[in-house]
Structures are given as structure tokens and as C-alpha cells.
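The residues making up each chain are set out below.
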Amino acid sequence: QAAWCELPSRVLLVLTSQRGVQMYDADGSTMVFWHALDVPELPAAHSVFARGIAAAGGRFICVGTSFGAVLVFDIPPKGSNVTLSEVLEQHRDPITDIAAEQGQAPDGAGDLVTADDCGTLCLWSSGEEFTLLGKIPGSGCTCSSVALWNGIVAAGYGNGQIRLWEAGSGRIRAQLGAHARWIYALDLAPLTGKLLSAAEDSFVHVWKLSRDRDTDDIEVQHCHAECVTDTQVCGARFCDPAGDTFAVTGYDLSEILCY
């Protein structure tokens, strides 16, 4: 995976692979930091890799691993003195995705969510030490992608469902039969609460999340569906904070399609 991590003092390009974690300046010209993964001496039944990237707490970058651990790197305002400050060990399965709060978290809600291959979600509060606030057990179906906005956790699963949870209480608030196949990407537009979902079924959907002002219930509105013909969509992102444009790509596609 690759992601730009925006911190108040700097922007880093973070790459994850089977070998470890690389951090570059935003233009990719200079490698700032390299963290190698510990490869077991005996061949393991599962491959070793890093996956899931998110900036959190104003100065940290969190990266998941195939061991189920989340590596927390403390990023200095400038220079290359990046340190591994903490390892979060609550997952038993490989990390699939990590998301940080993109809106305003309600009181008591975490600002980081981590997901794994078994569908388990962990909610964290970032700080000098990260605090586990809650754990949503998985049902055996992979949670392939997560997003976090205004205390709402949006999780996409291998069975094509999107589930919405409260980041504070861990309660499920909505379940959508969004796709016919595996969901590969979710993205949130922080200014508007638009949610983008893309899956193997060649469809890309745009949803709108909101909260009822009177009851504080989570409401979901379907805004748009786009079929990328004969393409197993594997990546999708909004191109602006308001969610007015988005880009998608597929497994065997050498192009990025913009809508």
C-alpha cells in the first residue's frame, strides 16, 4: 500500500510491502526512514507483510502488520529521527486497514480504528500512549477497509456489506447490502460525509452519512452508482475533501478513471 500521511508539521509518503515500511518526503525524492519487518527463521505458513497506514494524534504514523501488530512511529517535525514508540497488540489476525478520525469525534469516541482479516475492529484513543477504548469482535468475514468520520466507523467486508458502528460505544447502527462481491476500498470525504465504496462486482457507490440532529441516529443516503464495465475494481479514492470527484482503478487496468 501507499499513502500520504498529513501531519501538522510535514507530509510523508508511506509505502508498505513484504519487506517493511518506507517513509519518503512528499515528492518521493528522499527516503526519510526504513523499518524492516522481522522475518521468522523457519518458513511460516503465512507471508510476512505490512498493510494499513494512518496518521494519528498529530505526530504519529500507524502501520499494521501480518502478525496482527500495529506499529506506532513517532515523527519529528523535521529530519529523519523517526522512532518506533509503541506496538499495539490486540489483533490475532493480519491487519487489513487502519483509519483515523476525519471529522470531529464526539466525547468518549476514539480517533483511530484498526481492522483485521477476521473482521475484528479495535477502537483507540491516540496520545503519548495509545489507549484501547473498545473491541468489536469479528464474525469470520474479512473487514477489508475502514473509515472514521464524526464518531462513525464505516467498515467494508468481504461479503459485500458495509456496516456502520458508533466509535464511542461499539454499537452497530446500520448494515448495508452494498455490493455483490468483495469490497476493496472505502473512502470518506471529510467536509461532507460522503462515503465511497468499490468492489469486485465492478460497481462504485457514493453514499452520504449524516446524524439526525434530534435523535443523533446515523442516517445513510445512496447518492450515486457507477459501473466500471468488465473491471474488478480494487482501488477508489475521492480527489477532493468535499467528495465532488473520485478516481478508480482495477486489477488489470493500467489506467486511473476519474469521475
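- As recorded in an unreviewed UniProt entry, the protein chain goes by WDR54 protein and comes from Cardinalis cardinalis.

### Quick look at the side chain of Arg10
Here comes step 1: For Arg10, the location among the structural elements is in the loop between strand E1 (2-6) and strand E2 (11-16).
Here comes step 2: One buried charged residue, Arg10, remains without a salt bridge, the closest side chain of opposite sign being Asp25 at 4.2 Å.
Here comes step 3: At 2.9 Å, the side chain of Arg10 forms a polar contact with the backbone oxygen of Pro76.
Here comes step 4: A polar contact of 2.9 Å, which involves the side chain of Arg10, links it to the backbone oxygen of Gly79.
Here comes step 5: Residues within four places of Arg10 in sequence aside, it is in contact with Cys5, Asp25, Val32, Ile75, Pro76, Pro77, Lys78 and Gly79.

### Observations concerning the pattern of salt bridges
Here comes step 1: On inspection of all chains with the given rule, the structure shows eight salt bridges.
Here comes step 2: Two residues, Arg173 and Asp217, come together in a salt bridge whose shortest N-O distance is 2.6 Å. Residue Arg173 is located in strand E16 (residues 172-177), and its partner Asp217 is located in the loop between strand E19 (203-211) and strand E20 (218-227); the two are separated by 44 residues in the primary sequence.
Here comes step 3: Measuring nitrogen to oxygen at the nearest pair gives 3.8 Å for the salt bridge that ties Lys194 to Asp244. Of this pair, Lys194 sits in strand E18 (residues 194-199) while Asp244 sits in the loop between strand E21 (233-238) and strand E22 (246-250), and the two are 50 residues apart along the sequence.
Here comes step 4: Taking the relative accessible area as the measure of exposure, Asp244 reaches 57% and is therefore exposed.
Here comes step 5: Salt bridges here are not isolated pairs; linked through shared partners, they connect Glu166, Arg173, Arg211 and Asp217.

### Concerning the sheet that holds strand E23 (residues 257-258)
Sheet strands line up and pair through hydrogen bonds in the backbone, either parallel or antiparallel.
Here comes step 1: One open sheet accounts for three strands, arranged E21-E22-E23; its pairing is antiparallel. The open sheet is flanked by E21 and E23, the only strands paired with a single partner.
Here comes step 2: Sheet analysis places E21 next to E22, joined by five bridges and oriented antiparallel. Bridging from a neighbouring strand, Ala236 pairs with Val248 of E22.

### Some details on the nonpolar core
Here comes step 1: With 18 residues, the main nonpolar core has Val14, Met23, Ile61, Val63, Phe73, Ile75 and Val82 as its most contacted residues.
Here comes step 2: Those elements that provide at least two residues to this core are E2, strand E3 (20-25), strand E4 (31-36), strand E5 (50-56), strand E6 (60-65) and strand E7 (70-74).
Here comes step 3: Not counting residues within four places of it along the chain, the set of residues in contact with Val14 comprises Gln1, Ala2, Ala3, Cys5, Val21, Gln22, Met23, Ile53, Ile61 and Val63.
Here comes step 4: In this structure, Leu176, Leu186, Leu188 and Ile218 belong to the second largest nonpolar core, which totals 17 residues.

### Comments concerning the pairing of strand E10 (residues 112-116)
Here comes step 1: Where burial is concerned, most of E10 is hidden: five out of the five residues are buried.
Here comes step 2: Neither face of E10 is open: one carries Leu112, Thr114 and Asp116, the other Val113 and Ala115, and all of them are buried.
Here comes step 3: Across five bridges, strand E9 (residues 95-100) lies against E10 in antiparallel orientation. Across the sheet, the residue bridging to Ala99 is Val113, located in E10.

Cut-off values and rules
Residues numbered from 1 in each chain as written. Predicted model: local features only at pLDDT ≥ 70, side-chain atom pairs only at ≥ 80, totals over all residues. Heavy atoms only, no water. Helix = DSSP H or I, 4+ residues; strand = E, 2+ residues; numbered from the N terminus. Buried < 20%, exposed > 50% of the residue type's maximum accessible area, 1.4 Å probe, protein only. Lys, Arg positive; Asp, Glu negative; His and termini not counted. Salt bridge = Lys/Arg side-chain N within 4 Å of Asp/Glu carboxyl O. Polar contact = N/O pair within 3.5 Å; in protein donor to acceptor, adjacent residues only side chain to side chain. Contact = heavy atoms within 4.5 Å. Pairing = 2+ DSSP bridges. Core = buried A, V, L, I, M, F, W, Y, C linked by side-chain atoms within 4.5 Å.

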